[in-house]
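Single-letter residue listing:
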Amino acid sequence: MIFIGFFLLIVVVVISLNLYNHSNLDKIEDYLNKSNCLTYTYSKGSYKALCEDNLIEVSNSFTVDVEKNSKITKYEEIKDIKIKDLKIIINNEHILEFKHDEDVNSFYKKLEEKLNK
């Protein structure tokens, strides 16, 4: 009986954390949509978004404060971009990390298109 109670407690905690995380992701997606970000991807714990005038990276954390968790880089400030080990390195200081090769290549191509406009 104690084992069943303990198991149910673990299930409730896992479901609660999953719902809370989903709520955080909705807040971040709303922020990106309000910022006119049409292209974004979620990988390695953060959203990477290509917006009208800038590149935004918003980290997901237990408590989401979109203003504090955001790194915004204006396109005109970007002088150099390169790919290395599933990472896009911007101006040798800002690093965007990805899990999959196709994600990094797709985002890199879209970023280049934005910079060449």
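Heads up: the structure comes first, above all this text.
Residues numbered from 1 in each chain as written. Predicted model: local features only at pLDDT ≥ 70, side-chain atom pairs only at ≥ 80, totals over all residues. Heavy atoms only, no water.

### Some points on the pairing of strand β6 (residues 87-90)
Across three bridges, strand β5 (residues 81-83) lies against β6 in antiparallel orientation. Residue pairing in the sheet places I83 in a bridge with I88 of β6. With antiparallel pairing between neighbouring strands as the criterion, β5 and β6 make up a hairpin whose turn holds three residues, including D85 at a positive phi of roughly 50 degrees. Taken together, the four bridges between β6 and strand β7 (residues 94-97) define a ladder with antiparallel strand orientation. Paired with K87 across the bridge in β7 is E97. (Pairing = 2+ DSSP bridges. Helix = DSSP H or I, 4+ residues; strand = E, 2+ residues; numbered from the N terminus.)

### Description of the sheet that holds β5
Strands sit in the order β5-β6-β7 across an open sheet of three strands; the sheet is antiparallel. Because the sheet does not close on itself, it has two edges, and the strands there are β5 and β7. Between one strand and the next, the sheet's axes are offset by a mean angle of 20 degrees, whatever the strand orientation. Lying on the sheet, helix α2 (residues 101-115) is in contact with β5, β6 and β7; it crosses β5 at an angle near 165 degrees. (Axes fitted to C-alpha atoms, helices over the stretch in contact; angles between N-to-C directions. Contact = heavy atoms within 4.5 Å.)

### Details of the state of the cysteines
Under the defined criterion, the tally for this structure stands at one disulfide. Disulfide pairing places C37 opposite C51 at an S-S distance of 1.8 Å. Since a negative S-S torsion denotes a left-handed disulfide, the C37-C51 link at about 75 degrees is right-handed. Note that C37 is positioned in the loop between α1 (2-34) and β1 (39-43) and C51 in the loop between β2 (46-50) and β3 (54-59), a separation of 14 residues in sequence. Overall, the relative accessible area of 1% leaves C51 in the buried class. (Disulfide = S-S within 2.5 Å. Buried < 20%, exposed > 50% of the residue type's maximum accessible area, 1.4 Å probe, protein only.)

### A look at the sheet that holds strand β4 (residues 70-74)
Spatial ordering of the open sheet is given by β1-β2-β3-β4, a layout of four strands whose pairing is antiparallel. Each having just a single partner strand, β1 and β4 make up the two edges of the open sheet. Across this sheet, the average inter-strand angle for adjacent strands is 15 degrees, counted without regard to direction. Pairing analysis gives five bridges linking β1 to β2, with the strands arranged antiparallel.

### Brief notes about the packing of aromatic side chains
Under the criterion given, the structure shown has three aromatic pairs. Seen from their ring centres, Y40 and Y47 are 5.7 Å apart, and the 65 degrees between their planes marks the pair as edge-to-face. A centroid spacing of 5.5 Å and a plane angle of 45 degrees characterise the contact between F98 and F107, whose relative ring orientation is tilted. In this pair, the class of F98 matches that of F107, namely buried. Over the ring of F98 we find K48; its NZ or CZ atom is 5.2 Å from the centre of that ring. (Phe/Tyr/Trp six-rings, centres within 6.5 Å; stacked < 30°, edge-to-face > 60°. Lys NZ or Arg CZ within 6 Å of the ring centre and 35° of its normal.)

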